[in-house]
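Inside the fold
The residues making up each chain are set out below.
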Amino acid sequence: MTGSEAPSPTSPSFRLAYVPGVTPTKWVRIWNERLTDVPLTLVAATPAEVFDVLREGGADAGFVRLPVDRTDLAAIPLYTETTVVVIPKDHVIAAVEEITADDLADELVLHPLDDTLDWEQPPGVPAKERPATTADAIELVAAGVGVLIVPQSLARLHHRKDLTYRTITGTPESRVALSWPHTDSGEPTELVEHFIGIVRGRTVNSTRGPALPKNDSDAKNGKKRADKPKQTPRASGAKSGAKGSAKPKPGGGRATAKSSRNSPKRGKPRR
């Protein structure tokens with residue numbers, strides 16, 4: 001959760017599920033900047049259980065790995081991850097930057113039960129027993145028992161000093177998506193629509209999507225601006241006159257001379 005206290009049941013809130021390997025930090029930060037009065041709660045879930053979390057109302061939306069059953073869930077693909085092979089640092093593969101699936105033909109390749117890659121047939125020699133989790137498989141690789149093929153984010157998540165990874169081609173790739181439950185209207189809820197805009201890179205001034213809700217401080221500031229009386233501007237003539245009385249304009253003497261020529265002359269009349 002992003003805060004230390006749970007939101008009030010009556011106040012709006014947004015619950016975001018995410019699977020291992022996905023880092024929602026950037027999007028959460030933007031949400032907190034834009035929707036300051038709507039707390040965002042993070043809900044960690046495994047790839048297998050995240051869809052039930054969404055269906056049962058445990059989260060409003062979630063970062064998942066494709067495929068998604070579109071019967072009752074909507075989804076928009078976000079990005080595709082690089083696939084890597086996790087190996088001990090002293091493994092012969094560590095000497096190169098990239099390998100193909102065929103290069104693992106003689107290797108014991110671990111295939112955990114929570115594998116996120118959609119294999120038809122994993123490469124290499126299969127283990128007699130499949131590890132229960134990716135974390136268990138990482139421990140086996142560290143012990144020198146086989147290698148493991150995973151999305152790069154999972155290799156980083158389970159980083160160890162005695163292990164490394166290399167890019168592998170000719171294997172399935174994992175695609176990350178944002179998913180949410182279908183609604184009766186067929187459209188995302190307003191808060192989900194806000195989050196879709198964030199992950200798609202819409203700016204705060206974008207005309208797409210619903211308007212941002214105003215928080216209490218905005219309402220108070222708006223009231224203060226409305227209550228503040230308007231100032232009446234001073235008349236331009238008064239302003240000019242004030243300046244003229246303080247400092248005469250250049251050429252003032254010339255105007256006076258012209259005025260004196262037009263006035264009656266004093267003196268004796270000619271005969």
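Turning next to the overall build of the protein. Across its full length, the protein carries eight helices and eleven strands. The burial tally for the protein puts 34% of its 271 residues in the buried class. Partitioning the contacts of the protein with sequence separation of at least 6, the portion at a separation of at least 24 is 70%. Looking at the protein as shown, the accessible area adds up to about 17,900 Å², and 50% of this sits on carbon and sulfur atoms.

Attention now moves to the sheet that holds strand β4 (residues 73-80). Two pairing modes exist for strands in a sheet, parallel and antiparallel, and in both the strands are linked by backbone hydrogen bonds. One open sheet holds the five strands; their spatial order is β2-β1-β3-β11-β4, and the pairing between them is mixed. A single partner strand is all that each edge strand has here, and the edge strands are β2 (40-44) and β4. Neighbouring strand axes in the sheet, compared pairwise and without regard to direction, differ in orientation by 25 degrees on average. Both β4 and strand β11 (residues 175-181) contribute to a ladder of seven bridges, which runs antiparallel. Within β11, the residue paired with I76 across the bridge is L178. Strands β1 (14-18), β2, β3 (61-65), β4 and β11 of the sheet are contacted by helix α5 (residues 190-199), whose axis makes an angle of about 165 degrees with β11.

Here we have six strands laid out as an open sheet, ordered β6-β10-β5-β9-β7-β8, and mixed in their pairing. Edge positions in the open sheet fall to β6 (98-100) and β8 (125-126), since each of these has one partner strand only. Pairing between strand β5 (residues 83-88) and strand β9 (residues 147-151): four bridges, direction antiparallel. Considered in β9, the bridge of V86 is made with L148. Those strands touched by helix α3 (residues 134-142) are β5, β7 (108-110), β9 and β10 (163-169), and its axis lies near 140 degrees from that of β9.

This next bit is on α5. The element α5 is largely enclosed, with a buried count of nine among its ten residues. Those residues of α5 lying buried are L191, V192, E193, H194, F195, I196, G197, I198 and V199. For α5, the secondary structure elements touched by its buried residues are β1, α1 (25-34), β2, β3, β4 and β11. Following α5 by one or two positions, G201 has its phi on the positive side, about 85 degrees.

Two strands pair when backbone bridges link them, and β5 and β10 are joined in this way by five bridges, in the antiparallel orientation. Bridging across to β10, I87 finds its partner in T164. Pairing geometry for β6 and β10, over three bridges, is parallel. Following the sheet pairing, E98 is matched in β10 by T167.

Next up on the list: the pairing of β1. Regular strands show a simple pattern: their side chains alternate between the two faces of the sheet. In terms of strand pairing, β1 meets β2 through five bridges, oriented parallel. Its bridge partner being in β2, A17 is matched across the sheet by V43. This β-α-β element, β1 to α1 to β2, shows right-handed connectivity. The pairing of β1 with β3 spans three bridges and is parallel. Across the sheet, Y18 pairs through a bridge with F63, a residue of β3.

Attention now moves to the packing of aromatic side chains. Counted by the stated rule, this structure contains five aromatic pairs. Taking the centre distance of 4.7 Å and the plane angle of 25 degrees together, the rings of F14 and W31 count as stacked. Of this pair, F14 sits in strand β1 while W31 sits in helix α1, and the two are 17 residues apart along the sequence. Under the relative-accessibility criterion, W31 is labelled buried at 0%. Every member of this aromatic cluster is reached through a ring pair, and the members are F14, W27, W31, F63 and F195.

A few words now on the side chain of T134. Positionally, T134 belongs in helix α3. Setting aside residues up to four positions removed in sequence, T134 forms contacts with P112, D114, L148, V150 and H158.

Calculation criteria
The numbering scheme is per chain: residues are counted from 1 as the chain's sequence reads. Only residues with pLDDT of 70 or above have their local features reported here, since the model is predicted, and side-chain atom pairs are shown and tallied only from 80 upward, although totals for entire chains, interfaces and linings are computed over all residues. Side-chain metrics rest on all non-hydrogen atoms present in the structure, leaving aside hydrogens and water. Helix and strand definitions here come from DSSP, where helices need a minimum of 4 consecutive H or I residues and strands a minimum of 2 consecutive E residues; each element is numbered from the N-terminal end. Relative accessibility thresholds used throughout: buried, under 20% of the residue-type maximum; exposed, over 50%; partly exposed, between the two (1.4 Å probe, protein chains only). By definition in these notes, contact holds between two residues if any of their heavy atoms fall within 4.5 Å. Throughout, the Shrake-Rupley method with a 1.4 Å probe supplies accessible areas, and for residues the shown protein chains are the sole cover considered. At least two DSSP bridges between two strands are needed for those strands to be called paired. Interaxial angles span 0 to 180 degrees and are taken between N-to-C directions of axes, which are lines fitted to C-alpha atoms, for helices over the stretch in contact. For a crossover, the right-handed case is the one in which the path from the first strand over the helix to the second runs clockwise, viewed with the strands pointing away from the viewer. For Phe, Tyr and Trp, where Trp contributes only its six-membered ring, two rings pair if their centres lie within 6.5 Å, and the inter-plane angle classes them as stacked under 30 degrees, edge-to-face over 60, or tilted in between.

Scope: geometric values only; no functional claims are made or implied.
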